[in-house]
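# Commentary on secondary and tertiary structure
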Amino acid sequence: MTDNLGFWVGFSKVAGIGPTRLRLLLDYFGHIETAWQANPGELRAIGLDRRSVENLVKVRSSIDLDTELEKLDELGVSVLTWDSPGYPKQLHNIADPPAILYVRGNLQPEDEWALAVVGTRRATAYGKECTDMLVRGLAESGITVISGLAYGIDTEAHRTALKAGGRTIAVLGCGVDIIYPAENRKLGQTIIESGALISEYPLGTNPESGNFPRRNRIISGLSLGVLMVEGTIQSGARITTDYALEQGREVFAVPGSILGKSGSGPNFLIQNGAKLVTQVNDILEELNLTMNIQHGDARAIIPDNEVEATLLEQLSLEPTHIDELGEVTGLSA
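Now for a look at the structure at hand. For every chain, the first residue of the written sequence is number 1, and numbering continues from 1 along that sequence. Only residues with pLDDT of 70 or above have their local features reported here, since the model is predicted, and side-chain atom pairs are shown and tallied only from 80 upward, although totals for entire chains, interfaces and linings are computed over all residues. Think of the side-chain values as coming from all heavy atoms in the structure, minus any hydrogens and water.

## Some details on the nonpolar core
Phe11, Leu22 and Leu25 are the most contacted members of the largest nonpolar core, which has 66 residues in total. Apart from residues no more than four positions distant in its own chain, Leu22 is found in contact with Trp8, Phe11, Ile17, Ile32, Trp82 and Ala99. Formed by 22 residues, the second largest nonpolar core is a distinct cluster that contains Ala123, Leu227, Val254 and Ile283. Buried Ala, Val, Leu, Ile, Met, Phe, Trp, Tyr and Cys residues form a nonpolar core when they are joined through side-chain atoms within 4.5 Å. Throughout this description, buried means an accessible area under 20% of the type-specific maximum (1.4 Å probe, protein chains only), exposed means over 50%, and partly exposed covers the range between. Between two residues, a contact is recorded if the distance between any of their heavy atoms is within 4.5 Å.

## Side note on the pattern of salt bridges
Here a salt bridge means any side-chain nitrogen of Lys or Arg lying within 4 Å of a carboxyl oxygen belonging to Asp or Glu. Within this structure, the stated rule accounts for eleven salt bridges. Between Asp242 and Arg238 there is a salt bridge, with the nearest N and O atoms lying 3.1 Å from each other. Taken together, the positions of Asp242 and Arg238, both in helix α12 (residues 236-246) and four residues apart, correspond to about one turn of that helix. One network of salt bridges, in which partners are shared, links Asp96, Glu200, Arg214 and Arg217. Numbered from the N terminus, helices here are DSSP runs of H or I no shorter than four residues, and strands are runs of E no shorter than two.

## Here we look at a negative patch on the surface
Without a salt bridge and with relative accessible area above 30%, a residue can belong to a patch; like charges are then joined within 9 Å and nonpolar side chains (Val, Leu, Ile, Met, Phe, Trp, Tyr) within 5 Å. Under the convention used here, a 1.4 Å probe and the Shrake-Rupley method define accessible areas, while residue burial counts only the protein chains that appear. In this count, Lys and Arg are taken as positive residues and Asp and Glu as negative ones, while His and the chain termini are left out. Working definition for charges: the position is that of NZ of Lys, CZ of Arg, CG of Asp or CD of Glu. On the surface, a cluster of negative charge is made up of Asp64, Glu70, Asp73 and Glu74. With respect to the secondary-structure elements, Asp64 resides in the loop between α5 (50-62) and α6 (65-75).

## Observations concerning the pairing of strand β4 (residues 144-147)
Alternating residues of β4 divide into Thr144 and Ile146 and Val145 and Ser147, and every residue in both groups is buried. Pairing of strand β3 (residues 114-118) with β4 involves three bridges; the strand directions are parallel. Paired with Leu115 across the two strands is Val145, which belongs to β4. With strands facing away from the observer, any crossover in which the path from the first strand over the helix to the second runs clockwise is taken as right-handed. Regarding topology, helix α8 (residues 125-140) serves as the crossover connection from β3 to the parallel β4, and that connection is right-handed. A pair of strands is treated as paired once DSSP finds two or more bridges between them.

## Some words on the sheet that holds strand β2 (residues 100-105)
In spatial order, the strands read β1-β2-β6-β5-β4-β3-β7-β8-β9; together these nine strands make up an open sheet with mixed pairing. Two strands close off the open sheet at either side, each with one partner strand: β1 (77-81) and β9 (275-276). Pairing of β2 with strand β6 (residues 195-199), which is carried by four bridges, proceeds in the antiparallel orientation. If you follow Tyr102 over to β6, its bridge partner there is Ser199. Convention adopted: a line fitted to C-alpha atoms gives each axis, helices being fitted over their contacting stretch, and angles between N-to-C directions are expressed from 0 to 180 degrees. Packed on one face of the sheet, helix α1 (residues 4-12) meets β1 and β2 and runs near 105° to β2. In the packing of α8 onto the sheet, contacts are made with β3, β4 and β7 (225-228), and the angle to β3 comes to roughly 170°.

## What about the packing of helix α9 (residues 153-163) against helix α10 (residues 185-193)?
Look at α9 against α10: their axes get within 11 Å of each other, and the N-to-C directions meet at 45°. Relative to α10, the element α9 lies oblique. Where α9 crosses over α10, the handedness of that crossing is left-handed. On α10, the residues touching Thr155, His158, Arg159 and Leu162 of α9 are Leu187, Thr190 and Ile191. Split by residue class, the contact of α9 with α10 holds three nonpolar, three polar and one charged. When describing relative orientation, an angle under 35 degrees is termed roughly parallel and one over 145 degrees roughly antiparallel, while 65 to 115 degrees is termed roughly perpendicular and anything else oblique. With the far helix as reference, a near helix turned anticlockwise by less than a right angle produces a left-handed crossing, and one turned clockwise produces a right-handed crossing. Residue polarity follows a fixed list, in which Ala, Val, Leu, Ile, Met, Phe, Trp, Tyr, Cys and Pro are nonpolar, Asp, Glu, Lys and Arg are charged, and the others, Gly among them, are polar.

## Here's the deal with unusual backbone geometry
Omega for the bond connecting Tyr180 with Pro181 falls within 30 degrees of zero, at 0°, which places this linkage in the cis form. Inspection of the secondary structure assignment puts Pro181 in the loop between β5 (168-171) and α10. At Leu149, a residue that is not glycine, the phi angle is positive and equals roughly 65°. With respect to the secondary-structure elements, Leu149 resides in the loop between β4 and α9. Leu149 sits in the buried class, given a relative accessible area of 0%. If you check the backbone angles, Asn288 has positive phi at about 55° while not being a glycine.

## Quick notes on helix α13 (residues 264-271)
Three or more residues of α13 are buried, namely Gly265, Pro266, Asn267 and Leu269. Along its buried surface, α13 packs onto β7, α12 and β8 (250-253). Following α13 by one or two positions, Gly273 has its phi on the positive side, about 105°.

## Focus on the side chain of Arg238
Relative accessible area serves as the criterion here: at 10%, Arg238 is assigned to the buried category. Those residues in contact with Arg238 that sit more than four places away from it in its chain are Met228, Thr232, Ile233, Gly265, Phe268 and Leu269.

As structure tokens, this is what we get:
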């Protein structure tokens, strides 16, 4: 016997019925099952176009919802809907939150402290180095790193977060059973163990080009802010920052070279008010996360005694020789 979750899964398979139209159906019929079983006349009467009605009737007659739920269970995929207690609060508050999220892995309450890191697929050595430095700092501060599992900056962000022992979430433009690009399958499996792969698209959805701009609103919607490392003014990463601005999120950018295209996107953002980032504290302070982290379950470095406190004050991202530390602290080797 299909429970309510099955009807949500069914609607996610109907082309032409996205979050806006599903909300219309729920407002009118009052219950997801009633909306699923409505006859074509009723559906057209409340404003659904002919093609959407035909698609719903076709899907309704061709799938078994209980079988769909069994497939999800076999793959270890959980489903969150607008009605689910575990649906991410920040995502719920955007203008068009996805009606359903397919999740491989797990979402945790601390994922509310998240930053999206996006950029070009053709990352330079400079872009990768900046991503590594900043993401490592975010992960070590207990911040969840969100990106899109694409080549380049996305891949670097996920890998670095995992290497630093942090959490990371990849938002896909396809079904969570199809890890794309194929070269990132191993990375995707590792993310499932230390975070999650999520998508609003049902199982079996191929990575079509039209899916990716829309999935970017989820990347920004899950985050407190979006950091752009590299990319052109017209890139997909820029689409994510546009969504972030619409959603009231902070936008950060790493300054890029004025001689190459990969720096044009971040530089444009900085010229138009984005926070220029040269170190991880630029992000943490802007989001007031340093205070929050002290009161949360994050991996902040807390000295055990005065000697450790004195040493920590002198340490930075740059290596410091032990003789120099002894000189400035007055401590013996």
